[in-house]
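Close look at the chain arrangement
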Amino acid sequence: MKQIDFVKKIPAPPRDGAGIVPPVMTPLPLGSVMPDGWLRGQFTLSADGFFSHMDDISYFMQEGNGWLKWQKTADEYRKEWKPVPYWNGGYMEEYHYARSAWEEQAYWLRGAYRLAVITGNERLTRICEDYFEAMLASRRPDGYFGPEVLREIDSDVGKIPDIWPHFVMADVLTDRYDVTGDRRVLDLLNGFFRFCDGLPEEKLIPPRSEYWQWQGAIQMDRCCDALPVIHRVYRLTGDRALLSLSEKLYKKWREDKSVRVNRHVVNFAERIRYAAQRYPLTGDRAAINESKRMLRRHMLKWGQMPGGLWAADENTRRGKHDPRQGTETCAMSEAVKSFTYMATLTGESEWADRSEDLMFNSYPASHTPDYKGLHYLTADNQPELDGSDHDYDNKGMMTRYSAFAYRCCQHNTGMAWPNFITSSFYKTADGLVSMSLMPCAASTEVGGRRVTADVATDYPFDLTVTYKIKAPDGPVPLYIRIPSWDGGGAIEAGGETVSLDGKRGFVRVTAADGDVIRAVFKAEPSVRRFPLNNDCVCVDLGPLTFSLKYDEEWIPAEVRTDEAGLEWTDWDVKAKDPVFPALDLSEKIKISKRRPVTEDTPFTPDSAPVELTARGYRVDGWGIGDDNTVMPVPPSPPAVKGAPLKLTLVPLGCMRARLSCFPHVNG
Ligand SMILES: [Zn+2]
């Protein structure tokens, strides 16, 4: 008889007297979970696409950049500075950001190293090693490391250090320490945080108004990015100066009252977790609740759309919350990072629901299927993607797919799938937790016992997840998250079948060596309504949201050549003769196709492993508006015309030209 029971959330461990509250659970170190099945294809494509050629594509990744040539000072850059073309036209206005170092190199390395460890991609591995060795070599006696040029940027209070890019680097350096155990890396981090703690008050993250460049001001917006790393390094070194720094950075953020949550799309994605980051220092759950409240309040207004997105096409804007508004690609992977962190503090299942929503639906749509291009803004309703202006906060090219064009996103995107796989398995003091569901294999040890879980599944396209367990040192508890949408699933283990029976949270199974444990989740096509956005509806099947299957037209817009002579095509994608229908809610939506994933990627219209059919009617007067953007979803029921249409729907992530939110009739 198998021991199977249920818990609403993962139980917290006892406090260990380390001066900091331990997390409820911790993600497994980089490389402990490897992708399998369709997910492996996404890793391979992502590592082989434009991302691994950024050193030849990106202006910022050139050999002379300040993370590699860290000795070069601002004065040296200033002497040789001349106006140079900027990434989006115009000219670089600032000598040190033009040539040297800021977020781009740090963003890139963070994704590149994670992809390199997981895929073994040799090109990425080789370049990453250069960056790590340069950073280690750059360590100064006062603890500072990295570009000399970032040590003294201009501000109204004189020269100040810009330490935020280092916070991004600190994130990947902890991975480096996990993978290599290189003590120099830990010393580098500890020394740098001591350097930050020792800065005079006026030089540590001054108020935003005192910077001369917008890049420098970002360190105010994102000053708490480093807290999870600081706490982690503290747990390894016990250096209390780090807790002092954590307090100071947190205080800086609290002082920034006007924009504590932030209208900016990426700032918000990061700040979701900022309040909660205080919890390890105090043990006061009010900090966690504040983060949850901030997120819910924000999403109640701006997140009234599927795919985990929120309407902030750079910034949230008054009255612009229709699902035609976009979300920046950077924000998706940053949000997954925040959700993963919140999961560690809370042991709650909802954070994996949120991560899956973004990564199974919206993220694949932000790239071409071959990962040879991406765009800046992804929206649920976006039937025309091109280089022209749309009704977005940012003007100019925002939706054309390109390997060259989107400064931050093209450097930052590499961490998305690695961050997501980090949300797959966590460990507790005595158990293994299966959170975000995906085909993968996890190896670790819990409570001194080795355990391997091979997860065979086509999830989210199929809802059966099979765990093959190896536990040679004795059984371990396996907690399997029950997705929030499950309607009547069951767990099969040891010859027993236990109904999930509307339970929420986690099912706990004692997993012994050789066990095969099967989670069979159940979902039917369902309709979700968004009252704030004219009561528009989307169609879901479990974790997937669906889009109308348009006939896509791919139009080459420009061919660009990188430094190595490789050619990269910019693509516009448009729906051919698009219909803009209302969904007939009186007609049952049916699953018309479901098959195993066999292609390199399931995220194209033709390789979609699931299709639905629904009935709809052409809406009178809905289409592309005068502002070159699909019109907001009209109120329901709209005026319709013509005979009923048979609508074919495929997963949202399969469509680049897409329509996923509809008005409805007969509802
Ligand atoms: Zn970006």
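Summary of the structure given here.

For the rest of this paragraph, the subject is the pairing of strand 11 (residues 449–456). Note: strand 10 (residues 440–446) against strand 11, seven bridges, orientation antiparallel. Paired with S443 across the strands is T452, a residue of strand 11. The antiparallel hairpin formed by strand 10 and strand 11 contains two residues in its connecting segment, where G447 sits at a positive phi of about 55°. The pairing of strand 11 with strand 12 (residues 464–470) spans five bridges and is classified as antiparallel. Residue pairing across strands places A453 opposite I469, the latter belonging to strand 12.

Attention now goes to the packing of helix 10 (residues 227–237) against helix 11 (residues 241–255). The axes of two packed helices give the description: the angle between them and the distance between them. Helix 11 packs onto helix 10 with a crossing angle of 165° between their chain directions and a minimal axis gap of 9 Å. Judged by the inter-axis angle, helix 10 sits roughly antiparallel to helix 11. The interaxial crossing formed by helix 10 with helix 11 has left-handed handedness. Counted together, L227, I230, H231, V233 and Y234 of helix 10 and L242, L243, L245, S246, L249 and Y250 of helix 11 form the full contact between these two elements. Partitioned by chemical class, the residues of the contact of helix 10 with helix 11 number nine nonpolar, two polar and no charged.

Before going further, it helps to spend a moment on the sheet that holds strand 17 (residues 516–520). Strand order across the open sheet formed by seven strands is 3-10-11-12-17-14-15, with antiparallel pairing between neighbours. A strand with exactly one partner marks an edge of an open sheet, and here the two such strands are strand 3 (33–35) and strand 15 (496–499). Across the sheet, the axes of successive neighbouring strands diverge by a mean angle of 15°, strand direction being ignored. As paired strands, strand 14 (residues 490–493) and strand 17 are joined by three bridges and run antiparallel to one another. If you follow E492 over to strand 17, its bridge partner there is R518.

Before going further, it helps to examine the sheet that holds strand 7 (residues 384–385). Pairing in this open sheet of three strands is antiparallel, and the strands run 7-22-21 from one edge to the other. The sheet is open, and its two borders are formed by strand 7 and strand 21 (552–561), each paired with just one other strand. Pairing of strand 7 with strand 22 (residues 567–575), which is carried by two bridges, proceeds in the antiparallel orientation. Looking at the pairing, L385 lines up with V573 of strand 22.

Bringing unusual backbone geometry into the picture now. With glycine set apart, most residues show a phi of negative sign, and most peptide bonds adopt trans. With an omega dihedral of 10°, the bond running from Y459 to P460 counts as a cis peptide bond. Here P460 is to be found in the loop between strand 11 and strand 12. Of note, the phi angle at E314 is positive, near 110°, even though the residue is not glycine. Looking at the element boundaries, E314 is found in the loop between helix 14 (286–302) and strand 4 (327–328). Residues other than glycine seldom take positive phi values, yet N534 does so here, at roughly 60°. Secondary-structure assignment places N534 in the loop between strand 18 (526–530) and strand 19 (536–541).

Given a rise of 1.5 Å per residue, 16 residues ought to cover 22 Å, and the 23 Å separating the end C-alpha atoms of helix 16 (residues 350–365) matches this to within 8%. Along helix 16, the helix axis deviates most sharply at M359, where the bend reaches about 35°. Within helix 16, 14 of the 16 residues are buried, leaving the element largely enclosed by the surrounding structure.

To continue, consider the packing of helix 5 (residues 103–119) against helix 7 (residues 164–180). Relative to each other, helix 5 and helix 7 sit at 20°, their axes nearing to 8 Å. Between helix 5 and helix 7, the angle falls in the class roughly parallel. As helix 5 packs across helix 7, the resulting crossing turns out to be left-handed. In this structure, helix 5 uses E103, A106, Y107, L109, R110, Y113, R114 and V117 to contact helix 7, whose residues at the interface are P165, V168, M169, D171, V172, D175, R176 and V179.

Attention shifts here to the nonpolar core. Across soluble globular proteins, you tend to see nonpolar side chains buried next to one another. Ranked by size, the top nonpolar core spans 202 residues in total, and within it L109, A112, C128, I230 and L478 carry the most contacts. Every residue in contact with L109, bar those within four places of it in the chain, is listed here: C128, Y131, M169 and V172.

Burial of strand 12 is one-sided: the residues V465, Y467 and I469 facing one way are buried, the residues T464, T466, K468 and K470 facing the other way are not. Inspection of the sheet shows strand 12 paired to strand 17 by five bridges, in the antiparallel sense. Bridge pairing links Y467 to I517 in strand 17.

Reading the values: rules and limits
- Residues numbered from 1 in each chain as written.
- Predicted model: local features only at pLDDT ≥ 70, side-chain atom pairs only at ≥ 80, totals over all residues.
- Pairing = 2+ DSSP bridges.
- Helix = DSSP H or I, 4+ residues; strand = E, 2+ residues; numbered from the N terminus.
- Axes fitted to C-alpha atoms, helices over the stretch in contact; angles between N-to-C directions.
- Parallel < 35°, antiparallel > 145°, perpendicular 65-115°, else oblique.
- Left-handed = near helix turned anticlockwise from the far one by under 90°.
- Contact = placed C-beta atoms within 7 Å.
- Nonpolar A, V, L, I, M, F, W, Y, C, P; charged D, E, K, R; others polar.
- Expected span 1.5 Å × (residues − 1).
- Bend = angle between axes of the 7 residues up to and from the residue.
- Buried ≥ 20, exposed ≤ 12 C-beta atoms within 10 Å, placed from the backbone.
- Core = buried A, V, L, I, M, F, W, Y, C linked by C-beta atoms within 7 Å.

In short, shape yes, function no, at least from these values alone.
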